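What follows is the residue order along each chain.
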Amino acid sequence: MHEMKIAILVGSTRDGRFAPSVAAWTESLIAERGDMRADVIDLVETPLPTVFPVLGQPPASAADRELLAAVSPRLAEADAFVIVTPEYNHSFPAALKNAIDWHNTEWHAKPVAFVSYGAFSGGLRAIEQLRPVLAEVHAVAIRDAVSLQSPWEQFDGDGRAVDPAVEAAGRLMLDRLAWWTHALRTARAATPYAA
């Protein structure tokens, strides 16, 4: 089996965000496996334009094309995705929606897993709102996710989850993601996906 390329998309761009800690934990779980390699795409480090061109046209600005060039090929090369997202106002961040909307074929027939976080809901409402958005770009949102309630209390000084159930949930999520990645990668190789 070929190594699976997993893009970890960090959806929060807020000052003081906890997202890098959650993404680092997710990356560490992937690193434990012998069948996956993570590519962390942080929307703070790789911001995307917020003004879209006319539908069907490429971005007119060279600066916009340069910003997209730092992200789009990495999404295209990914076999699967893990989206790390907080919950803002019962939904997900605008920067994450913007990143999804800038891309289309990059998502086609690829699986997406979620690691969400928030105060009381653990970010579950963000996940549930992401599912129909990703279905529209022909991605496959898998059922198993990790939801972190009060995430700042969930990790020790080494970035490991303090609750063994959280570690177990993360490993199960990646097992499910691996299954879907193999299945969809095999299907795309046999029959190119046409939307």
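Please refer to the structure higher up on the page.
What counts, and where the lines are drawn
- For every chain, the first residue of the written sequence is number 1, and numbering continues from 1 onward in sequence order.
- Two thresholds apply to this predicted model, a pLDDT of at least 70 for residue-level local features and 80 or more for giving and counting side-chain atom pairs, whereas whole-chain, interface and lining totals are computed over all residues.
- Hydrogens and waters are ignored; side-chain quantities use all the structure's heavy atoms.
- For helices the rule is a DSSP run of H or I covering at least 4 residues; for strands it is a run of E covering at least 2, with both sets numbered from the N terminus onward.
- Helix span is expected to be 1.5 Å times the residue number reduced by one.
- Exposed residues in this analysis have more than 50% of their type's maximum accessible area, buried residues have under 20%, and partly exposed residues fall in between, with area computed by a 1.4 Å probe over protein chains only.
- As used here, the arc is the angular range of directions from the helix axis to the C-beta atoms.
- Two residues form a contact once any of their heavy atoms are found within 4.5 Å.
- Only buried residues count toward a nonpolar core, which is a set of Ala, Val, Leu, Ile, Met, Phe, Trp, Tyr and Cys residues joined through side-chain atoms within 4.5 Å.

Draft legend 1. How the structure looks around helix H1 (residues 19-31). Between its first and last C-alpha atoms H1 spans 18 Å; for 13 residues at 1.5 Å apiece the expected length is 18 Å, and the two agree. Restricting attention to buried positions, one finds in H1 the residues Ala19, Val22, Ala23, Trp25, Thr26, Leu29 and Ile30. Mapping the buried residues of H1 onto a view down its axis gives an arc of 160°, with all of them on the same face. Those residues of H1 hidden inside the fold are in contact with strand E1 (4-10), strand E2 (36-42), strand E3 (80-86), strand E4 (111-118), strand E6 (146-149) and helix H6 (164-190).

Draft legend 2. Main features of the nonpolar core. Counting residues in each nonpolar core, the largest one holds 27 residues, and the members touching the most others are Val82, Val115 and Leu177. The set of elements that each furnish at least two residues to this core consists of E1, H1, E3, E4, E6 and H6. Top contributing element to this core by residue count: H1, with six residues. The contacts of Val82, once residues within four sequence positions are left out, are Ile6, Ala7, Ile8, Leu9, Thr26, Ala113, Val115, Met173, Leu174 and Leu177.

Draft legend 3. Spatial organisation of the side chain of Glu167. Positionally, Glu167 belongs in helix H6. What makes Glu167 buried here is its relative accessible area of 7%. Every residue in contact with Glu167, bar those within four places of it in the chain, is listed here: Trp25, Leu29, Arg160 and Ala161.

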